[in-house]
Amino acid sequence: MNTLLPTSIVGSLPKPSWLAQPETLWSPWKLEGDALAEGKQDALRSAVQEQARRGIDVISDGEQTRQHFVTTFIEHLSGVDFDQRETVRIRDRYDASVPTVVGAVSREKPVFVDDARFLRQQTDQPIKWALPGPMTMIDTLSDRHYRSREKLAWEFATILNQEARELEAAGVDVIQFDEPAFNVFFDELKDWGVATLERAAEGLRAETVVHICYGYGIKANNDWKATLGSEWRQYEESFPLLQQSIIDTVSLERANSHVPLDLIELIRGKKVMLGAIDVSSTTVETPEQVADTLRDALAFVDADKLVPSTNCGMAPLPRDVALGKLSALSAGAALLRDELSASEA
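The residue numbering used here restarts from 1 in each chain and proceeds along that chain's sequence as written. Predicted model: local features are reported for residues with pLDDT of at least 70 only, side-chain atom pairs are reported and counted for 80 or more only, and whole-chain, interface and lining totals are derived from all residues. Hydrogen atoms and water are omitted, and side-chain values are computed over all heavy atoms in the structure.

Moving on, we get to the overall build of the chain. Strands here mean DSSP runs of E at least two residues long; helices mean DSSP runs of H or I at least four residues long; both are numbered from the N terminus. A count of helical and extended segments in the chain gives 10 helices and 10 strands. Taken over the C-alpha trace, the chain has a radius of gyration of 19 Å; the compact-globule value for 345 residues is 20 Å, and the two agree within 12%. Projected onto its principal axes, the C-alpha positions of the chain cover 60 × 45 × 40 Å. Burial statistics for the chain: of 345 residues in total, 57% are counted as buried. Residues are treated as being in contact if the distance between any of their heavy atoms lies within 4.5 Å. For the chain, the share of sequence-separated contacts (at least 6 apart) that also reach a separation of at least 24 residues comes to 75%. With residues, only the protein chains shown are counted as cover, and all accessible areas are computed by Shrake-Rupley using a 1.4 Å probe. On the chain, roughly 13700 Å² of surface is accessible, and the fraction owed to carbon and sulfur atoms is 45%. Taken as two groups, the 36 positive and 54 negative side-chain charges of the chain have centres that lie 2 Å from each other. For the radius of gyration, the atoms used are the C-alpha atoms, and the globule rule reads 2.2 Å times the number of residues raised to 0.38. In this scheme, a residue with accessible area under 20% of its type's maximum is buried, one over 50% is exposed, and one in between is partly exposed, where area comes from a 1.4 Å probe on protein chains only. The charge count treats Lys and Arg as positive and Asp and Glu as negative. His and the chain ends do not count. Every charge is mapped to an atom, namely NZ of Lys, CZ of Arg, CG of Asp or CD of Glu.

The following block contains the structure:
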């Protein structure tokens, strides 16, 4: 693996069209039973091969075995009724039909551990697994039992920690918690959001990442971003708290965003997983554009702590576009890596 500027994607890649409807979130599976189980593994294997072939250093599963980055984890927990659905506002942006918490939540068996073992078997490179963070989980549910977002978040944090420890034992090198809700609910973020995230990561030896972005490249998110003005300063709320947290790496959205780069100074000392690929556009970046995005960040983060990445997951993108963006990410990182090596020579 490249020890300088190791590339990594945030999470999802588009699924093959024979497995699920392309360019669609919460897309239903096209297979059933044993054929579905086999198809998921085939898709995961393909995602690993494409990442390796295109120069990605830290390999993920591309979320090929999951329908959605949050609800697929939740559907394996007791206390949640997927037949009793309600429409809720997701991150104050769009409405979605979600399951309902009807009793005490618990994890009766591992959720992703078998899939993680399969991923480990496919590559000798470091591997990463993404889990939803506690605050983002509660924002993707209707709660008729606890009736307290904080109490439910603490319950989920304990469950996530159980899963994360078993993922680590299965050979996962990097465990990422997805918390886009950190860019929306600032009072809760400060009161208990970071604390529940740290509970989820407690005791892990694997590298830990928190991913905070402005969402998938879907219309609802793009429309919301259009209202945020010329400067996106949401990270100003979470970064000082995360700088003092046990989390190793903080992920942020930078490509084609209005995030002021100097906000990165607020997490000085942490690794920075910098989004250098725009997931809301079907235009494939050039390596030079990626290198420019990464280079600009070096004023605020040391090169040995910079991890080039995507802004967010790429599930809604056309598959050929997403794969092209993988190549651009690794090629752009290579350009900057060569520059840095030449400057030291």
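Pairs of packed helices are described in terms of their axes, by the angle between the two and the distance that separates them. Where helix α9 (residues 287–297) contacts helix α10 (residues 319–344), the two axes come as close as 7 Å, and the packing angle between them is 60 degrees. The orientation of α9 relative to α10 falls into the category oblique. The crossing of α9 and α10 is right-handed. Side by side, α9 and α10 meet where Pro287, Glu288, Val290, Ala291, Leu294 and Arg295 of the first sit next to Ala328, Leu329, Ala331, Gly332, Ala333, Leu335, Leu336 and Glu339 of the second. Axes here refer to lines fitted to C-alpha atoms; in helices the fit is confined to the stretch in contact. Angles between the N-to-C directions go from 0 to 180 degrees. Convention used here: angles under 35 degrees read as roughly parallel, angles over 145 as roughly antiparallel, angles from 65 to 115 as roughly perpendicular, and any remaining angle as oblique. By definition, any crossing whose near helix is turned counterclockwise from its far helix by less than a right angle is left-handed, and any crossing with a clockwise turn is right-handed.

Looking now at unusual backbone geometry. The phi torsion of most residues other than glycine is negative, and most of the peptide bonds are trans. Within the chain, Leu5 stands out as a residue other than glycine whose phi angle is a positive 55 degrees. Positioned with a positive phi, Trp26 is a non-glycine residue whose angle comes to about 55 degrees. Looking at the secondary structure, you find Trp26 in the segment before α1 (33–53).

Any pair of aromatic rings gets described here by the distance separating the centres and the angle formed by the planes. Stacked, edge-to-face and tilted labels apply to pairs of Phe, Tyr and Trp rings (six-membered ring for Trp) whose centres lie within 6.5 Å, assigned for plane angles under 30 degrees, over 60, and everything in between, in that order. In total, this model carries 6 aromatic pairs according to the counting rule given. Ring centres of Tyr214 and Trp232 lie 4.8 Å apart, and the angle between their planes is 45 degrees; this geometry places the pair in the tilted category. Taken as a pair, Tyr214 in the loop between β7 (207–211) and α7 (219–225) and Trp232 in the loop between α7 and α8 (235–243) lie far apart in primary sequence, 18 residues in all. Using a relative accessible area of 0% as the deciding quantity, one classes Tyr214 as buried. By way of ring pairs, the aromatic residues Tyr214, Trp224, Trp232, Tyr235 and Phe239 are connected into one cluster. In this scheme, the term charge over a ring applies when either NZ of a lysine or CZ of an arginine sits within 6 Å of the ring centre and within 35 degrees of the ring normal. A cation sits over an aromatic face here: Arg149 above Phe185, 4.8 Å from the ring centre.

Quick look at the side chain of Ser142 now. Its place among the elements puts Ser142 in strand β5 (residues 142–143). Of the residues examined, Ser142 reaches a relative accessible area of 6% and is grouped as buried. Aside from chain neighbours lying at most four places away, what touches Ser142 is Glu86, Val88, Val98, Pro99, Thr100 and Val101.

In plain terms, two cysteine sulfur atoms within 2.5 Å form what is called a disulfide here. Inspection of the entire model under this criterion finds 0 disulfides. Free cysteine: Cys213, not disulfide-bonded; nearest cysteine sulfur from Cys312 at 3.5 Å. Judged by relative accessible area, Cys213 falls into the buried class, the value being 2%. Judged by relative accessible area, which is 7%, Cys312 ranks as buried.

Within the fold, Thr140 resides in the loop between α4 (134–138) and β5. Owing to a relative accessible area of 3%, Thr140 belongs among the buried residues under this scheme. For the pair Thr140 and Ala96, spaced 44 residues apart in the sequence, the C-alpha separation amounts to 8.3 Å. Apart from residues no more than four positions distant in its own chain, Thr140 is found in contact with Trp26, Val70, Thr71, Ile90, Arg91, Val98 and Pro99.

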